[in-house]
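Listed here are the chains, written in short residue letters.
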Amino acid sequence: MCAAVALGFVTAAAQPAMAQSKQLTLCWAAWDPANALVELSKDFTAKSGIGMKFEFVPWTSYADRFLNELNSKGKLCDLIIGDSQWIGGAAENGHYVKLNDFFQREGIKMDDFMPATVVGYSEWPKNTPNYWALPAMGDAVGWTYRKDWFARPDIQAAFKQKHERDLAPPKTWDELKEVAAFFQGREIDGRKVYGAYIYTERGSEGITMGVTNALYAFGFKYEDPNKPYHMDGFVNSPDAVKGLEFYKQIYDCCTAPGMTNAYMQEGLDAFKSGQVAMQMNFFAFFPGLYKDPNVGGDKIGFFVNPSQKEKATQLGGQGISVVSYSEHRDDALQYIKWFAQPEVQKKWWSLGGYSCHKAVLNDPGFAKSAPFAADFLTSMGMVKDFWAEPSYATLLLDMQKRVHDYVVANQGTAQQALDLLIKDWTEVFKEDGKI
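How each quantity is defined
- Residues numbered from 1 in each chain as written.
- Predicted model: local features only at pLDDT ≥ 70, side-chain atom pairs only at ≥ 80, totals over all residues.
- Heavy atoms only, no water.
- Buried < 20%, exposed > 50% of the residue type's maximum accessible area, 1.4 Å probe, protein only.
- Helix = DSSP H or I, 4+ residues; strand = E, 2+ residues; numbered from the N terminus.
- Pairing = 2+ DSSP bridges.
- Salt bridge = Lys/Arg side-chain N within 4 Å of Asp/Glu carboxyl O.
- Disulfide = S-S within 2.5 Å.
- Patch = residues over 30% accessible without salt bridge, like charges linked within 9 Å, V, L, I, M, F, W, Y side chains within 5 Å.
- Areas by Shrake-Rupley, 256 points an atom, 1.4 Å probe, with all protein chains shown as cover.
- Lys, Arg positive; Asp, Glu negative; His and termini not counted.
- Charge placed at Lys NZ, Arg CZ, Asp CG, Glu CD.
- 1 Å grid on protein atoms, 1.4 Å probe; cavity = no way out; pocket = protein on both sides within 12 Å on 5 of 7 lines; lining within 4 Å.
- Points joined across faces, edges and corners; volume = space filled by probe spheres on them.
- Nonpolar A, V, L, I, M, F, W, Y, C, P; charged D, E, K, R; others polar.
- Axes fitted to C-alpha atoms, helices over the stretch in contact; angles between N-to-C directions.
- Parallel < 35°, antiparallel > 145°, perpendicular 65-115°, else oblique.
- Left-handed = near helix turned anticlockwise from the far one by under 90°.
- Contact = heavy atoms within 4.5 Å.
- Polar contact = N/O pair within 3.5 Å; in protein donor to acceptor, adjacent residues only side chain to side chain.
- pLDDT = per-residue confidence, 0-100.

### Let's talk about the pairing of strand 4 (residues 79-83)
Regular strands have side chains that alternate between both faces of the sheet.
Alright, step 1. Burial analysis of strand 4 places five of its five residues in the buried class, the great majority of the element.
Alright, step 2. Where strand 2 (residues 22-29) and strand 4 come together, two bridges link them in parallel fashion. Across the sheet, residue C27 finds its bridge partner in strand 4, namely I80.
Alright, step 3. Bridge analysis of strand 4 against strand 11 (residues 313-322) gives five bridges, and the strand direction is antiparallel.

Next comes the structure, spelled out in structure tokens:
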């Protein structure tokens, strides 16, 4: 999942210059990984003779644009890199080509991909061998921090005097709050700074993609593992309530003013402008941050989402699917076959994409291939995701409202917010005939 803010402004990218007798259109969001895919796909065209056209739209328009395209059975997209949450609806509504027979025929094994990405991006129903996408863009929420600030002797000494431990990237949410509070309002290089940037956006998915990182760590679960759609005592468990309360505590004590409706881009801006000591965001943006002339290089560090009772982080990323309405289905399947190759996946990582293939991620040198590679690998081994039900959009907006009302608007208690969320979700599942 990851789908709501303008992070790029490329509306379309077409290539190559010479005309091709065959051409595919691939649809995705406009951001740095998409540009990397354009470069990578030149190899496909060179090998197959099939030209590639790209329809990339900003994250603000991504879901509306392409879900409308699918629901209207449009023929614009031959291939689509669709959000993880779309898989249930796309499968049940016939938008995606089921890939099982194709995978078997071509020797493409889902065991070659990280298990969490197969469940998250490819399977519907979940945890069944029914595949509607190939894992394409692995992603998860991680954290960046100002490594240069953490390393300053005066800051190190002040922190140790106050907390009787060395200042270091936090491993638990308790430590994260301690570090964030320490930096909140501190003056560095003549400028007031703030402790942490966290997601608060209400309109699409932002605050849900943020708060779940605390909820999962404290023990929140979407349902009873032994009784699907039974949520009481899991969504609103005492541990879940603590997690929601803790996220609000971070928001209240340790964030910059005015961040009441902020998501991915605002986090990047806050970090790049030197406002915050720590920032939650998706790993997809870390290559660009590392290259940033002002806060990258030796000034930036990375860490995995802190644990508490459990180790977990919010899944991002997407799978690549063949659109069932495409008039070029065979050529689109040929692209999937090409993209699944280990050597192509290795180049995908080298260009800035996040491969989900074990040949890349389990390579002995992977952890040292980028400053954030080891943390990405750890994170992809502990990801959890939101509902992927066909009614996910309604479920998501319900959570957005309940969580934002409590965390940002200061309405009611965490217990009340989660109790109301169960009520909302129960209505949805009853309408869907699930309970």
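Picking up after the structure, the text goes on.
### With respect to the pattern of salt bridges
Alright, step 1. Per the counting criterion, the structure on display carries 18 salt bridges.
Alright, step 2. R202 is the salt-bridge partner of D405, the closest N and O atoms lying 2.9 Å from each other. Of this pair, D405 sits in helix 17 (residues 392-407) while R202 sits in the loop between strand 8 (194-197) and helix 9 (206-218), placing them 203 residues apart in sequence.
Alright, step 3. A residue is classified by how much of its surface remains accessible, and D405, at 8% relative accessible area, is buried.
Alright, step 4. The partly exposed category is assigned to R202, whose relative accessible area is 33%.

### Things to note about the state of the cysteines
Alright, step 1. A full pass over the atoms with the stated rule returns two disulfides.
Alright, step 2. A disulfide bridge connects C27 with C77, and the sulfur atoms are separated by 2.1 Å. Because the torsion about its S-S bond is -95 degrees, the bridge between C27 and C77 counts as left-handed. Of this pair, C27 sits in strand 2 while C77 sits in the loop between helix 2 (59-71) and strand 4, placing them 50 residues apart in sequence.
Alright, step 3. The exposure class of C27 is buried, given its relative accessible area of 0%.
Alright, step 4. Judged by relative accessible area, which is 2%, C77 ranks as buried.
Alright, step 5. Put simply, C253 and C254 are joined by a disulfide, and their sulfur atoms are 1.9 Å apart. Disulfide C253-C254: the torsion about the S-S bond is -85 degrees, which places it as left-handed.
Alright, step 6. Of the residues examined, C254 reaches a relative accessible area of 0% and is grouped as buried.
Alright, step 7. Across the chain, the way the bonded cysteines pair up, counted in sequence order, is 1-2, 3-4.

### What to know about a negative patch on the surface
Alright, step 1. Judged by side-chain charge, E92, E427, E431 and D432 come together as a negatively charged surface patch.
Alright, step 2. Tracing the backbone through its elements, the reader meets D432 in the segment after helix 18 (414-431).
Alright, step 3. On the basis of relative accessible area, D432 is assigned to the partly exposed category, the value being 32%.

### A word on unusual backbone geometry
Alright, step 1. The amide bond that connects W124 to the next residue, P125, takes the cis arrangement and shows omega of -5 degrees.
Alright, step 2. Mapped onto the elements of the fold, P125 is located in the loop between helix 5 (115-121) and strand 5 (134-146).
Alright, step 3. Within the chain, K73 stands out as a residue other than glycine whose phi angle is a positive 60 degrees.
Alright, step 4. Summarising the element assignment, K73 is placed in the loop between helix 2 and strand 4.
Alright, step 5. Residue K73 is classed as exposed on the basis of its relative accessible area, which comes to 52%.
Alright, step 6. With a phi close to 65 degrees, N410 is a non-glycine residue in the positive phi region.
Alright, step 7. Note on placement: N410 falls in the loop between helix 17 and helix 18.

### Section: the layout of surface pockets
Alright, step 1. Considering only enclosed or pocket space, the largest pocket measures out at about 820 Å³ in volume.
Alright, step 2. Lining of the largest pocket is provided by 24 residues; of these, V119, K126, N127, E223 and D385 occupy positions nearest its centre.
Alright, step 3. Breaking the lining of the largest pocket down by element, the ones donating at least two residues are helix 5 and strand 12 (383-384).
Alright, step 4. Among the elements that line the lining of the largest pocket, the one with the most residues is helix 5, at three residues.
Alright, step 5. Here the residues of the lining of the largest pocket are counted per class, giving 15 nonpolar, two polar and seven charged.

### Observations regarding the packing of helix 9 against helix 10 (residues 238-254)
Alright, step 1. Contact pair helix 9 / helix 10: the axes reach a minimum separation of 8 Å and the direction vectors enclose 130 degrees. The orientation of helix 9 with respect to helix 10, classified from their angle, is oblique. Viewed along their axes, helix 9 and helix 10 form a crossing whose handedness is right-handed. Of the residues in helix 10, those in contact with I207, G210, V211, A214, L215 and F218 of helix 9 are D239, A240, K242, G243, L244, F246 and Y247.
Alright, step 2. For the contact of helix 9 with helix 10, the per-class residue count stands at nine nonpolar, two polar and two charged.

### Description of the side chain of Q318
Alright, step 1. Mapped onto the elements, Q318 comes out in strand 11.
Alright, step 2. A relative accessible area of 0% places Q318 in the buried class.
Alright, step 3. Reaching out from Q318, the side chain makes a polar contact with the side chain of W28 at a distance of 3.3 Å.

### Describing the confidence of the model for the chain
Alright, step 1. With 95% of its residues at a pLDDT of at least 70, the chain reaches an overall mean of 95.
Alright, step 2. Below pLDDT 50 for its whole length, residues 3-19 participates in 53 contacts with residues either more than four positions away or in separate chains.

### Looking at empty space enclosed by the protein
Alright, step 1. With the rule as written, the count across this model stands at one cavity of 30 Å³ or more.
Alright, step 2. A volume near 40 Å³ is recorded for the largest cavity.
Alright, step 3. In terms of lining, the largest cavity is formed by G82, D83, S84, I87, Y96, Y121, A133, G319 and S321.
Alright, step 4. Those elements that place two or more of their residues in the lining of the largest cavity are strand 4 and strand 11.
Alright, step 5. In the lining of the largest cavity, the residues fall into four nonpolar, four polar and one charged.

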